[in-house]
Every structure is written in C-alpha cells, then in structure tokens.
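Residue strings, one per chain:
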Amino acid sequence: MNNNYQEAFEKTRSAGIIAAGALNEVEKIIKPGIRTDQIDKLCYEYINDHDAYSAPLFYRGFPKSCCTSTNHVVCHGIPSNKILQDGDILNVDVTALKDGWHGDTSKTFEVGKVSVKAKKLVKTSYQALMNAIEIVKEGVCLGDIGSTIQNFVEAEGFSVVQDFCGHGIGRLFHQEPNILHYGKKGTGEKLKAGMIFTIEPMINFGNYETKILKDGWTAVTKDKSLSAQFEHTIGVTKEGYEIFTLPNIKN
C-alpha cells in the first residue's frame, strides 16, 4: 500500500465507530432473559440509523446482521430465539459497512453472575488482544502478533483457536493478510504503515480444537469447553497503530 493511506483510515474509522457504537448499545440490554435475535435487531437498526449497512447480513449466505456466540460457541453463532441465561458468556461480532469501507469488532459479554473461571477466560481474551495491539508498528512481523497472544494465553492455562484468524479488511470484508493468533516471533510478513486488519483471538478454556455444526456456520469447541473472543480493526501508522473500532476516537 502506498503512503497516501489517510482516506482509507478515515473511511475505516467512520465505519469502526459505528460498529463500536452498536456494541455499546448491546451492552445496555444484556441480561438474563434477552433473546439473541433481539440483539441482532438492535445491531441492524443501530447501524442502519447511522447510514451504514450490517456487513454480515447475507454475506456468503449468512442470515443475520451480527454473530452471537454463547458459551462453547467459538464464533459465527446465528442469532435466534435462544434466551440468554444467568451465567452465560456471549460474544457479539458486528461489522458496519459505511461508504464502501468496513469496521469489524466483537466483544464477549458476561450475562448476569458468571463463574470465576468464565470471568478469567473473558479477562484473558481481552488482555491477549490488547497485548497484541500494543506491539503493532512498522517492521513487526505477523508472527510476533501470534506469538504474543499464544504465549500469554497458554501461560494463563488456556488455548488459542487455530481454525480461525484475523484478516485484512477495507473495501473488502475479508482479504489478505491472514492474522494468526499463534505462531513464532520473527516469522511472516512485516507490517507496513497503511495496512488495515483485524486481530480477534478466540480463547478456549479447554482444548483449541473446534468443529462446525450442521448449519454450516456455527463453530463450537470440540470438548464443549467455554470460549471467549474480542476483536478490533487496527491500522498501522508510521508511529505505531490506531484502533478504529472504539466508540469515541479523537481524529
């Protein structure tokens, strides 16, 4: 990518702020008794009200506007009439498409009073994402991102999902490069200013292995252990990085 990436950053920032705003609205309604299709409706309406489009809707045939992944669902859970229970953890993944550019983010919410082990898993997943973001700058290798996440997560006694990864994003929802959440330091492509991608580690309480359910979308842990995830869309700058998917970014 050439050095003139400011327009791409501005467009991604606009989309990212909307996606982050949708998650803020979700947080206000999360409680036992809420259905996941109510969350989907809220995300669709919030994004639409901000002159953007919910990118997951009909993407490769996906039927809803966001992904809702509960407990042992790793990712790509489909919103339904499923009712959230006290003690659940729930990842909500939203992507806003605004003026031809995407902003992609997700957050794992605690529903009511969750277990100590679930709290630790959620906290570790968030910290793994932020640890990885903090090393982003020109010249860092993609393997450094994966290594940072894997080393931290495994030291906490959890595992990193290897079947899904972060991705380049921009005018296209998913593009190169793939951002693995495991790997070896000093390997892979070197980051350059202007690159835009997601980091979105999925962390399992048990084994890292996953399987896809019969709906063709929903990924679950093979051992039915809990899974948590957080995601931001990131841009590489000359000075380091910018997180595009925060609700109130100073331009």
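Since we're looking at a predicted model, the values are computed, not measured.

Enquirer: Please set out the packing of helix H1 (residues 6–29) against helix H2 (residues 36–49) residue by residue, giving values where relevant.
Expert: Contact geometry of H1 with H2 gives a least axis separation of 9 Å together with a crossing angle of 140°. Between H1 and H2, the angle falls in the class oblique. The handedness of the crossing between H1 and H2 is right-handed. Mapping the contact onto sequence places Ile18, Gly21, Ala22, Glu25, Val26 and Ile29 in H1 and Ile39, Leu42, Cys43, Tyr46 and Ile47 in H2. Counted by class, the contact of H1 with H2 contains nine nonpolar, one polar and one charged residues.

Enquirer: Report on the sheet that holds strand E3 (residues 73–75), specifying residues and quantitative values.
Expert: Ordered in space as E3-E12-E11, the three strands form an open sheet in which the pairing is antiparallel. The two strands at the open ends of the sheet, each matched to only one other strand, are E3 and strand E11 (210–212). Pairs of neighbouring strands in the sheet enclose a mean axial angle of 40°, with direction left out of account. Here two bridges tie E3 to strand E12 (residues 219–221), and the two strands are oriented antiparallel to one another. The residue bridging valine 73 from the neighbouring strand is valine 220, located in E12.

Enquirer: Let's hear about the side chain of histidine 167: which residues, and what values?
Expert: Looking at the secondary structure, you find histidine 167 in strand E7 (residues 166–168). Taking relative accessible area as the criterion, histidine 167 reaches 4% and is therefore assigned buried. A polar contact is formed between the side chain of histidine 167 and the side chain of glutamate 200, at a distance of 3.3 Å. Ignoring anything within four residues of it in the chain, the contact list for histidine 167 reads Asp104, Phe173, His174, Gln175, Pro177, Ile179, Phe197, Thr198, Glu200 and Glu231.

Enquirer: Now, about the sheet that holds strand E10 (residues 202–204): what can you tell me, with residues and values included?
Expert: As summarised here, the arrangement of the three strands in space is E6-E10-E13, forming an open sheet in which the pairing is antiparallel. With one partner strand each, in any of the chains shown, strand E6 (159–160) and strand E13 (227–229) form the two edges of the open sheet. As judged from the two bridges shared by E6 and E10, these two strands associate in the antiparallel manner. In the strand pairing of E10, valine 160 is matched with isoleucine 203. Contacts between helix H3 (residues 116–134) and the sheet are confined to E10 and E13, with E13 contributing the most and set at about 35° to the helix.

Enquirer: Explain the environment of cysteine 43 to me, using residue names and the numbers behind them.
Expert: Looking at the element boundaries, cysteine 43 is found in helix H2. Apart from residues no more than four positions distant in its own chain, cysteine 43 is found in contact with Val26, Ser54, Cys66, Val92 and Val94.

Criteria and cut-off values
Residues numbered from 1 in each chain as written. Predicted model: local features only at pLDDT ≥ 70, side-chain atom pairs only at ≥ 80, totals over all residues. Heavy atoms only, no water. Axes fitted to C-alpha atoms, helices over the stretch in contact; angles between N-to-C directions. Helix = DSSP H or I, 4+ residues; strand = E, 2+ residues; numbered from the N terminus. Parallel < 35°, antiparallel > 145°, perpendicular 65-115°, else oblique. Left-handed = near helix turned anticlockwise from the far one by under 90°. Contact = heavy atoms within 4.5 Å. Nonpolar A, V, L, I, M, F, W, Y, C, P; charged D, E, K, R; others polar. Pairing = 2+ DSSP bridges. Buried < 20%, exposed > 50% of the residue type's maximum accessible area, 1.4 Å probe, protein only. Polar contact = N/O pair within 3.5 Å; in protein donor to acceptor, adjacent residues only side chain to side chain.

In short, shape yes, function no, at least from these values alone.
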